[in-house]
Amino acid sequence: MSERLRVGLVINPTAGKNTGARIGREAASLLAAAGHDIVDLSAMDGAHALERGRAAIRDASVDVVVVAGGDGMVHLGVNLVAGTDVPLGIIAAGTGNDNARELGLPVRDAAKAVERITRGATRRIDAARVIDPHGDPRWFVGVLAAGFDAVVNERANGWRWPKGQMRYNLAIARELGVFKPIPYVVEIDGTRHETKAMLVAVANGPAYGGGMKVVPEASYDDGMLDVLILHEVSIPTLLRVFPKVFKGEHVSHPAVEILRGRRVRLEAKGIVSYADGERFEPLPLDCEVVPGAVTVLT
């Protein structure tokens, strides 16, 4: 990336308790100092940032897209560049940073992140594509959650108070009192599985939720999706098994099953999925892996 480039930059000012804004501004200064033109694509919310970014890519007014923030910003960046030849640079400055970390990128270090971006080495990675009810593609690059974890997210997002991790912890405590195993249909490459489960996750990458290795063997470039099913267990067992996810040790539990395939359909009533930590699509949904859909600057 030695030539002068037009860098489409999207900063999430609130990521990582406002670390995103500071690190994003620092990265912008470093990129400008290296002789690159900064095209600010930031907006008041994700929808408007997507709109601005897509217009910039459509008009060929940027050469690369760089996002500064957490997994939500990586998610936004992937939805901008997937299926195009525009590479994605990541300035990891959020709370979780799972995708950046698993891709071996620097975390909360603007100088190192800019060095990776300006060095120009690239890596093609897979992304999972879902076609929404309007016929438009939506993408995710890490993990799609569609069980207990998604239900907790949905509950936490319905509250305005408290902020941060405490809200999520309270939502877990509240949900544990009422949660019942969910009847699912999980279809993988045409093979149908019916089960009651506590948790179903579709993984293109291995981790989510700030270091939870939900599918430790999942790979960004193997052309496959890994589907983790935690079949019906008691709430006390769920409480024993779930913390093991941080080291990936939950996969040895007899109630955990991992299936692999290229196309996945999930069916369950009343579940809204979360992908890369962002509110995604209600079930039922169909997703398929698209090999090499995203080019990441590494």
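Residues numbered from 1 in each chain as written. Predicted model: local features only at pLDDT ≥ 70, side-chain atom pairs only at ≥ 80, totals over all residues. Heavy atoms only, no water.

## Digging into the overall build of the protein
And step 1. Tallying secondary structure elements over the protein gives 8 helices and 15 strands in all.
And step 2. Its C-alpha atoms give the protein a radius of gyration of 19 Å, near enough to 19 Å, the size a compact globule of 298 residues would have.
And step 3. Across its three principal directions, the C-alpha atoms of the protein cover 60 × 40 × 35 Å.
And step 4. When contacts within the protein are restricted to residue pairs at least 6 apart in sequence, long-range pairs at least 24 apart make up 69% of them.
And step 5. Looking at the protein as shown, the accessible area adds up to about 13400 Å², and 51% of this sits on carbon and sulfur atoms. (Helix = DSSP H or I, 4+ residues; strand = E, 2+ residues; numbered from the N terminus. Rg over C-alpha atoms; globule rule 2.2 N^0.38 Å. Contact = heavy atoms within 4.5 Å. Areas by Shrake-Rupley, 256 points an atom, 1.4 Å probe, with all protein chains shown as cover.)

## Considering helix H2 (residues 46–58)
And step 1. For H2, spanning 13 residues, the distance from its first C-alpha to its last is 18 Å, which sits close to the expected 18 Å at 1.5 Å a residue.
And step 2. Within H2, the full set of buried residues consists of Ala 49, Leu 50, Gly 53, Ala 56 and Ile 57. Projected down its long axis, H2 shows its buried positions confined to an angular sector of 130°, all on one face. Summarising the geometry of H2, the exposed residues directed more than 90 degrees from the buried face are Ala 47, Glu 51 and Arg 58.
And step 3. The backbone nitrogen of Ala 47 has a side-chain oxygen 3.3 Å away, supplied by the residue at the start of H2, namely Asp 45. (Expected span 1.5 Å × (residues − 1). Buried < 20%, exposed > 50% of the residue type's maximum accessible area, 1.4 Å probe, protein only. Arc of directions from axis to C-beta. Polar contact = N/O pair within 3.5 Å; in protein donor to acceptor, adjacent residues only side chain to side chain.)

## Brief notes about the side chain of Asn 97
And step 1. Positionally, Asn 97 belongs in the loop between strand S4 (88–92) and helix H4 (98–102).
And step 2. In contact with Asn 97, not counting residues within four places along its chain, are Gly 69, Gly 70, Asp 71, Ala 92, Val 107 and Arg 108.

## Details of helix H6 (residues 148–157)
And step 1. Of the positions making up H6, those classed as buried are Phe 148, Asp 149, Ala 150, Val 152, Asn 153 and Ala 156.
And step 2. Buried residues belonging to H6 abut strand S7 (143–145), helix H7 (164–176), strand S9 (191–203), helix H8 (235–241) and strand S13 (272–275).

## Regarding empty space enclosed by the protein
Empty space left among the atoms is revealed by rolling a probe the size of a water molecule over them.
And step 1. The full count for this structure, using the stated rule, is 1 cavity of 30 Å³ or more.
And step 2. In this structure, the largest cavity encloses a volume near 70 Å³.
And step 3. Around the largest cavity sit Leu 199, Tyr 208, Val 214, Leu 228, Leu 230, Val 241, Phe 242, Val 245, His 250 and Val 256, which together line it.
And step 4. The class makeup of the residues in the lining of the largest cavity is 9 nonpolar, 1 polar and no charged. (1 Å grid on protein atoms, 1.4 Å probe; cavity = no way out; pocket = protein on both sides within 12 Å on 5 of 7 lines; lining within 4 Å. Points joined across faces, edges and corners; volume = space filled by probe spheres on them. Nonpolar A, V, L, I, M, F, W, Y, C, P; charged D, E, K, R; others polar.)

## Topic: the pairing of strand S14 (residues 278–282)
And step 1. Two elements, S13 and S14, share 3 bridges in a ladder whose sense is antiparallel. Looking at S14, one finds that Tyr 274 is bridged to Arg 279.
And step 2. Hairpin remark: S13 followed by S14, antiparallel, with 2 residues in the connecting loop; positive phi at Asp 276, about 55°. (Pairing = 2+ DSSP bridges.)

## A few points about the environment of Val 114
And step 1. In this fold, Val 114 is placed in helix H5 (residues 110–119).
And step 2. Classification of Val 114 by relative accessible area gives buried; the value is 7%.
And step 3. For the pair Val 114 and Gly 69, spaced 45 residues apart in the sequence, the C-alpha separation amounts to 14 Å.
And step 4. In this structure Val 114 touches Ala 27, Leu 30, Leu 31 and Ile 91, once residues within four positions along its chain are discounted.

Interpretation in functional terms is not warranted from these geometric data alone.
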